[in-house]
Structure formats: structure tokens, C-alpha cells
Amino acid sequence: MEPSEVLRLKQALALDAANAAGDRESTAWLEPEQWKNYMGKETRKALYGAFPDEELLAVLRETAARLGRNPSKKEVFCVYRVFLIQRFGNWPRALTAAGLKRPREQRRADNRRRNEEALRRRKAQELSGQAAAKEAGLTTKTEGEA
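Residues numbered from 1 in each chain as written. Predicted model: local features only at pLDDT ≥ 70, side-chain atom pairs only at ≥ 80, totals over all residues. Heavy atoms only, no water.

Undergrad: Can you lay out the side chain of Thr63 for me, pointing to particular residues and giving the numbers?
TA: Residue placement: Thr63 occurs in helix α5 (residues 53–67). Judged by relative accessible area, which is 7%, Thr63 ranks as buried. (Helix = DSSP H or I, 4+ residues; strand = E, 2+ residues; numbered from the N terminus. Buried < 20%, exposed > 50% of the residue type's maximum accessible area, 1.4 Å probe, protein only.)

Structural data, given as C-alpha cells:
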């Protein structure tokens, strides 16, 4: 396929996406099969190859900026959605590659760190509460004490 034809297809795709953005209920927006019907396999392959990673990721970033949050799959035009998943493996990985979501390992490490800090704070509060009670003479003697 000629580079000029691929460029024309990319421009047409951008126009289709912009038009469909106004009508998210349209089948063109929701159904990847819809666009596959009017675009042959070789054309899809050429179009997919014409998108560098950064251009696909820019679609995600722009959508997130417009929405004010990370987009779900259904909030991204079907062609871009299919290309992103094909390129990055799945939707969470595409979001991570776009810098919209932290990698799972980092999120888990952050959660562990927060849980450990919360546990330390609880223990410190318990110890300070026990010390304050002891100072005030409010502690009770345990069985072993006389």
C-alpha cells in the first residue's frame, strides 16, 4: 500500500473518530467488527503499522485529559482501542505505557508500605495510650502482678 494512501486512511480514521465521539451509541464507536467490514485485512495491517506507539498512546492521554480520568475501553474509538490492545497486550498495559496507570508491582509495593505505616501508627498510639494511662494511675494490675 502506498504511503500516501496510508496517510489518507489515518486522516479518515481521525475524522471518523471525531465524528463518532459525538455519538457514542453508534455502532462505529462501539463495534470493532463494524470497521473491519469495510476495511480489508491488508489495509488494517498497513494502517496499524502506520501508527507509532507514541501516537497511539497520545490518543489515550488526550481522552484521559478530556474525561478527567482514565478512559475505559468503550470510551476510546474502536479502531484505536483494537490497535492499543494489539500493540500493548491488554488495556491496563496500554494505560501503564501511556503513563496513566502505575505498574502493578509499584502499586502493590505502595500498598504494602501504606499498610506497614498504618500498623506502626496504631502500635505507637496504643503504646502512648498505655503510657498515658499508667502515668494517670488508670492501669489495672494483671494476674501476674501483686
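Undergrad: Now, about the layout of surface pockets: what can you tell me, with residues and values included?
TA: In this structure, the largest pocket spans a volume of roughly 230 Å³. Lining the largest pocket we find 14 residues, and of these Ala17, Val59, Glu62, Thr63 and Tyr80 sit closest to its centre. Secondary structure elements with two or more residues in the lining of the largest pocket: α1 (3–21) and α5. Among the elements that take part in the lining of the largest pocket, α5 stands out by supplying five residues, more than any other. (1 Å grid on protein atoms, 1.4 Å probe; cavity = no way out; pocket = protein on both sides within 12 Å on 5 of 7 lines; lining within 4 Å. Points joined across faces, edges and corners; volume = space filled by probe spheres on them.)

Undergrad: Describe the pattern of salt bridges, with residues and values.
TA: Per the counting criterion, the structure on display carries five salt bridges. Here Glu5 and Arg8 are joined by a salt bridge, their closest N and O atoms 2.6 Å apart. Of this pair, Glu5 and Arg8 both sit in helix α1, three residues apart, roughly one helical turn. Residue classification places Glu5 among the partly exposed positions, given a relative accessible area of 29%. Judged by relative accessible area, which is 42%, Arg8 ranks as partly exposed. Glu55 serves as the salt-bridge partner of Lys10, at 2.9 Å between the closest nitrogen and oxygen. Placement of Lys10 in helix α1 and of Glu55 in helix α5 is noted, with a sequence separation of 45 residues between them. What makes Glu55 partly exposed here is its relative accessible area of 32%. (Salt bridge = Lys/Arg side-chain N within 4 Å of Asp/Glu carboxyl O.)

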